[in-house]
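# Summary of the model geometry
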Amino acid sequence: MSYPDFSEHGYQILRELGRNREGGRITWLASKVNTGQQMVIKQFCFAQAGSNWSGFEAHQREIKVLQGLTHRGIPRYINSFATSDGFCLVQEYINAQSLAEPLAHFEIEEVRQIAVKALEILGYLQNLNPPIIHRDIKPENILVDEELNVYIIDFGFARIGSQEVAASSVFKGTPGFIPPEQMFKPTNATDLYALGVTLICLLTGIKSTKIDKLQDQDDPYLIKFHLLLPRLSLRFLGWLEKMVQPLQKNRFANAKSALEALKTLDFIRVAGVDFSETVLEFKANRLREKLIQSITVENPIPDTLLEGRWEVAPHPHDPPHTPDNHAWISVEEPIRVTQKPIKCRICVDTSKLMADTQYKRQLILHSNAYPETHTLTVKVQTAALPIEKRKIPSGGLIGLFLIIVVVTMATAWFKVYAAAGVASLLLANLGYNSVLVNFYTWGFLVAVNVLMYSFLLIKNYQYHKRQPFADTYVRSTMGFIMADIRTMGSGVAASVGIVMTLAVGLAVGLAVGSAAISWPLFLAVGLAVGVTVGLAVNRAVYRLLFWAIDLAEDLFTSILLLLIAGLGASIGIALIVGFLNPFIFLTLSGTGLPVFYMLFYPQIKRRKLIAEYRQAEELLIKPYKP
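Residues numbered from 1 in each chain as written. Predicted model: local features only at pLDDT ≥ 70, side-chain atom pairs only at ≥ 80, totals over all residues. Heavy atoms only, no water.

### Observations concerning the packing of aromatic side chains
Scanning the entire structure with this criterion turns up 7 aromatic pairs. Between Trp-328 and Tyr-359, the ring centres sit 5.8 Å apart and the planes meet at 65 degrees, which makes this aromatic pair edge-to-face. In this pair, Trp-328 sits in the loop between strand 14 (306-312) and strand 15 (329-331) while Tyr-359 sits in strand 18 (residues 358-367), placing the two residues 31 residues apart along the sequence. The residues Trp-328 and Tyr-359 share a single accessibility class, namely buried. (Phe/Tyr/Trp six-rings, centres within 6.5 Å; stacked < 30°, edge-to-face > 60°. Helix = DSSP H or I, 4+ residues; strand = E, 2+ residues; numbered from the N terminus. Buried < 20%, exposed > 50% of the residue type's maximum accessible area, 1.4 Å probe, protein only.)

Okay, structure coming up:
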């Protein structure tokens, strides 16, 4: 291959670097004859076949532009001279490859550095007076050396200041890299569009000649690239999208503003943070209570790892603290979240806080997400100072106690003495021997009690199911006990009615003769009287018990009512069978001791809490009142 002879101008051609037949331009690597210094010669051959004289205009413009540029990212203008068929432009040689070279592959962070340095060069051009718009930024016109230094070349289409665009240069530039306004009035935002498309080529691996694959069919100025860059951060994708907006008003105004925005971004996709709630409210029910709640922290960004730590924001009234140690708030840490949500437990110790007071603090999550900090508000309402005594329904407790004592005592006495005596006398009068008397007596009593208890228990249970006792488990249990006590009382009353009716029949029989008495008739009358009396007593006992049990407004009172009922039943039985019975002694201890504990210990504890609180009140954390 023969090279042109430029020795008369002091240059020797070494090899060809590139050729543009349409523009009639050949780029040569040459050396200075007397120094051996390498440089680039751009030969514009206007008289060659296939070329045209529009290159002459580009040649003159490039010389004019380069003569006034002194930036390390722009090859220095050295000389120019005429040839027989055109002109030659001599520039500094940069040993670097263009971004369009097949081997030009860069990591994401390297692309970031290229973008920063290219914007710095464009910023230099835009700050000149008058400013210069390159108008042909593309991968072929950006060089990068091994140290990742960036150079912009080929200023043949550049526009200086407010110079009008000639008709022959309206369409100058490379398709796919030309924004709409470049055809009419290019601005500082014009080169940003071309640089944005260049960066998209680098990141996606698409050649500049194939950029049409990313262009929207309805709007060729709209570049679609998001789906090809799943690893890049949403913030950077937003920045890049702004660079290639078809409307220049939606782009960055100039290279400086685009560079400032870029420097604050991470290229790699970063994690995100979603809280299940942004406000946590704690409410204490007693002094010195430790409260715990959880929030769910989720990372919504796929293929990322969320890492972070919690810190309680400083507050004027809190003691000095570190991120790992706060006076009364603690949070589980550290946080590591991929796609699976995790729960963070937040603990509040109200022993350091004043009673009956509201507190508000901010928890800050420092993380690798965007943004780097997320805030959670914690509101705490401490418990009131227990100045008021617990209200205990003394009258209701005494009434319940007496009712149960009387019912159980009457039941035990009637079964042990009265019923057995009357039945024995009745059966003995009918001529039965003593063995049969005892057998029939207890058989009769068992039969009566089974029948009456079954009937009344079913009735009371059905009635209980319709009552609002199921607020809590304890109140529901109280309802069943009430039904059983009513059954006991009703059973005793019914048994008394039956036995008394039979006793009347016995007295009459003794007076007029047994043969004159119809015992089946008296038995039927006795059953009728017993059921009537039992139901009447059932209703009366129900009213009294319902009044007493309705006092169970909270768990404490409900448990106390249960224990009072047990104590009353134990004492009622003990009054008949004796207190020395071991089972009676055991039941009295099991119910009496808890009753006395619940009645008197809360008062002692209350006074102790108040005394301790008053003693430590000056050291407690005060609420902030601006």
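### A short note on the nonpolar core
Counting 63 residues, the largest nonpolar core has Leu-119 and Trp-239 as the members making the most contacts within it. For this core, the elements supplying multiple residues, two or more each, are helix 1 (54-67), helix 2 (108-126), strand 8 (142-144), strand 9 (150-152), helix 3 (190-204), helix 4 (234-243) and helix 5 (255-263). Contacts of Trp-239, omitting those with residues within four sequence positions, involve Leu-119, Leu-199, Phe-252, Ala-258, Ala-261, Leu-262 and Leu-265. The next biggest cluster of nonpolar side chains, apart from the first, holds 35 residues, and it includes Ala-284, Trp-310, Val-378 and Ala-383. (Core = buried A, V, L, I, M, F, W, Y, C linked by side-chain atoms within 4.5 Å. Contact = heavy atoms within 4.5 Å.)

### Concerning the environment of Ser-98
By the element assignment, Ser-98 lies in strand 6 (residues 97-98). With 46 residues separating them along the chain, Ser-98 and Val-144 place their C-alpha atoms 6.2 Å apart. With residues near it in sequence (within four places) discarded, Ser-98 still touches Ala-104, Pro-139, Glu-140, Ile-142 and Leu-143.

### Structural notes on the sheet that holds strand 11 (residues 274-275)
Read from one edge of the open sheet, 4 strands run 11-13-17-15, paired in antiparallel fashion. The open sheet terminates on both sides in strands that have one partner only, identified here as strand 11 and strand 15. Here strand 13 (residues 290-298) pairs with strand 17 (residues 342-349) via 8 bridges, running antiparallel. Counterpart to Ile-292 in the pairing with strand 17 is Cys-347. (Pairing = 2+ DSSP bridges.)

### Brief notes about empty space enclosed by the protein
Inspection of every chain in the model, using the stated rule, returns 1 cavity of 30 Å³ or more. Of the voids in this model, the largest cavity is the one considered here, and its volume is about 30 Å³. Lining the largest cavity are Ser-233, Arg-235, Asp-266 and Val-270. Grouping the amino acids of the lining of the largest cavity by side-chain chemistry returns 1 nonpolar, 1 polar and 2 charged. (1 Å grid on protein atoms, 1.4 Å probe; cavity = no way out; pocket = protein on both sides within 12 Å on 5 of 7 lines; lining within 4 Å. Points joined across faces, edges and corners; volume = space filled by probe spheres on them. Nonpolar A, V, L, I, M, F, W, Y, C, P; charged D, E, K, R; others polar.)

### Brief notes about the sheet that holds strand 2 (residues 25-32)
The strand order 1-2-3-5-4 describes an open sheet built from 5 strands, whose pairing is antiparallel. Looking at strand neighbours, the two that pair on one side only are strand 1 (11-20) and strand 4 (77-82), the edges of this open sheet. Neighbouring strand axes in the sheet, compared pairwise and without regard to direction, differ in orientation by 25 degrees on average. Taken together, the 7 bridges between strand 3 (residues 38-45) and strand 5 (residues 86-92) define a ladder with antiparallel strand orientation. Each residue of the ladder has a partner; that of Phe-44, found in strand 5, is Phe-87. (Axes fitted to C-alpha atoms, helices over the stretch in contact; angles between N-to-C directions.)

### Brief notes about the packing of helix 4 against helix 5
Close contact between helix 4 and helix 5 brings their axes to 10 Å; oriented N to C, the two are set at 170 degrees. Between helix 4 and helix 5, the interaxial angle falls into the category roughly antiparallel. Seen from helix 4, the contacting residues are Phe-236, Trp-239 and Met-243; seen from helix 5, they are Ala-258, Ala-261 and Leu-262. When grouped by side-chain class, the residues that make up the contact of helix 4 with helix 5 number 6 nonpolar, no polar and no charged. (Parallel < 35°, antiparallel > 145°, perpendicular 65-115°, else oblique.)

### Considerations on the packing of helix 2 against helix 3
Two elements in contact, helix 2 and helix 3, have axes separated by 11 Å at closest approach and are oriented at 165 degrees. By the angle between their axes, helix 2 is roughly antiparallel relative to helix 3. Where helix 2 crosses over helix 3, the handedness of that crossing is right-handed. Counted together, Val-111, Ile-114, Ala-115, Ala-118, Leu-119 and Leu-122 of helix 2 and Asp-191, Leu-192, Leu-195, Leu-199, Leu-202 and Leu-203 of helix 3 form the full contact between these two elements. Of the residues that constitute the contact of helix 2 with helix 3, the class distribution is 11 nonpolar, no polar and 1 charged. (Left-handed = near helix turned anticlockwise from the far one by under 90°.)

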